[in-house]
Amino acid sequence: MRFIIRTIAAAVALWVAVQVLDGIEVNAPANSVKYWGVLLIVALIFGLVNAIVKPIVKALGCAIVVLTLGLFLLVINAAMLLLTSWIAGQLDIPFHVDNFYPAAFWGAIIVSVVSWLLGLILPDGD
């Protein structure tokens with residue numbers, strides 16, 4: 001149940017990013033079943049990328065993260081959003097992030113903040 005709640009929260013966070021930024025798009029009829037299905041699938045992909053790839057990148061870039069006092073984590077989060085967009089494109093999922101800056105950079109910040117806020121509101125199950 002916790003996994004489902006987190007996936008839905010990530011889909012809502014992606015929806016907010018799509019609504020706020022011009023460079024992040026879902027090419028499906030707005031607020032249709034397909035639109036929300038695409039957001040859920042992209043949220044699953046984003047969760048997998050963050051669970052598998054992100055720890056490896058963070059470990060390899062540990063020194064840079066320390067030197068920049070954690071600001072490099074913003075770059076890593078944006079790269080994970082771009083990787084999610086690329087994977088979605090390979091799977092013919094109609095989700096696209098145009099570029100690193102400003103789309104992926106600000107999109108990653110929006111997704112992180114909205115996910116954090118939803119995590120405060122939604123039950124954790126602990």
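What counts and how
- Residues numbered from 1 in each chain as written.
- Predicted model: local features only at pLDDT ≥ 70, side-chain atom pairs only at ≥ 80, totals over all residues.
- Heavy atoms only, no water.
- Helix = DSSP H or I, 4+ residues; strand = E, 2+ residues; numbered from the N terminus.
- Buried < 20%, exposed > 50% of the residue type's maximum accessible area, 1.4 Å probe, protein only.
- Contact = heavy atoms within 4.5 Å.
- pLDDT = per-residue confidence, 0-100.
- Core = buried A, V, L, I, M, F, W, Y, C linked by side-chain atoms within 4.5 Å.
- Phe/Tyr/Trp six-rings, centres within 6.5 Å; stacked < 30°, edge-to-face > 60°.
- Axes fitted to C-alpha atoms, helices over the stretch in contact; angles between N-to-C directions.
- Parallel < 35°, antiparallel > 145°, perpendicular 65-115°, else oblique.
- Left-handed = near helix turned anticlockwise from the far one by under 90°.
- Nonpolar A, V, L, I, M, F, W, Y, C, P; charged D, E, K, R; others polar.

S.K.: Give me the side chain of K54: which residues, what numbers.
M.R.: Assignment of secondary structure puts K54 in helix α2 (residues 33-60). On the basis of relative accessibility, which here comes to 19%, the residue K54 falls in the buried class. In contact with K54, other than residues within four places in its own chain, are V49, I76, N77 and M80.

S.K.: I'd like a description of the confidence of the model for the protein chain, backed by residues and values.
M.R.: Per-chain confidence: the protein chain averages 93 in pLDDT, with 98% of residues scoring 70 or above. Across the protein chain, the secondary-structure element scoring lowest on mean pLDDT is helix α1 (residues 2-20), at 93, and the one scoring highest is strand β2 (residues 95-97), at 97.

S.K.: I'd like a description of the nonpolar core, backed by residues and values.
M.R.: Formed by 36 residues in total, the largest nonpolar core has its most connected members in L14, I24, V26, F95 and V97. Listed by contribution, the elements that provide at least two residues to this core are α1, β1 (24-26), α2, α4 (72-90), β2 and α5 (100-121).

S.K.: Explain the packing of aromatic side chains residue by residue, including any values.
M.R.: Using the criterion set out here, one finds four aromatic pairs in the structure. With a centroid separation of 5.9 Å and an interplanar angle of 80°, the aromatic rings of Y35 and W36 are classed as edge-to-face. Given the relative accessible area of 4%, Y35 is considered buried. With 5.6 Å between their ring centres and 50° between their planes, Y101 and F105 make a pair best called tilted. Placement of both Y101 and F105 in helix α5 is noted, with a separation of four residues, approximately one turn of the helix.

S.K.: I'd like to hear about the packing of α2 against α4, residue by residue, with values.
M.R.: Where α2 meets α4, the closest approach of the two axes is 9 Å, and the angle between their N-to-C directions is 135°. Overall, the two elements α2 and α4 adopt an arrangement that is oblique. Viewed along their axes, α2 and α4 form a crossing whose handedness is right-handed. Facing V42, I45, F46, V49, N50, V53, K54, V57 and K58 of α2, the residues of α4 in contact are L73, I76, N77, M80, L81, L83, T84, I87 and A88. Residues belonging to the contact of α2 with α4 are distributed by class as follows: 13 nonpolar, three polar and two charged.

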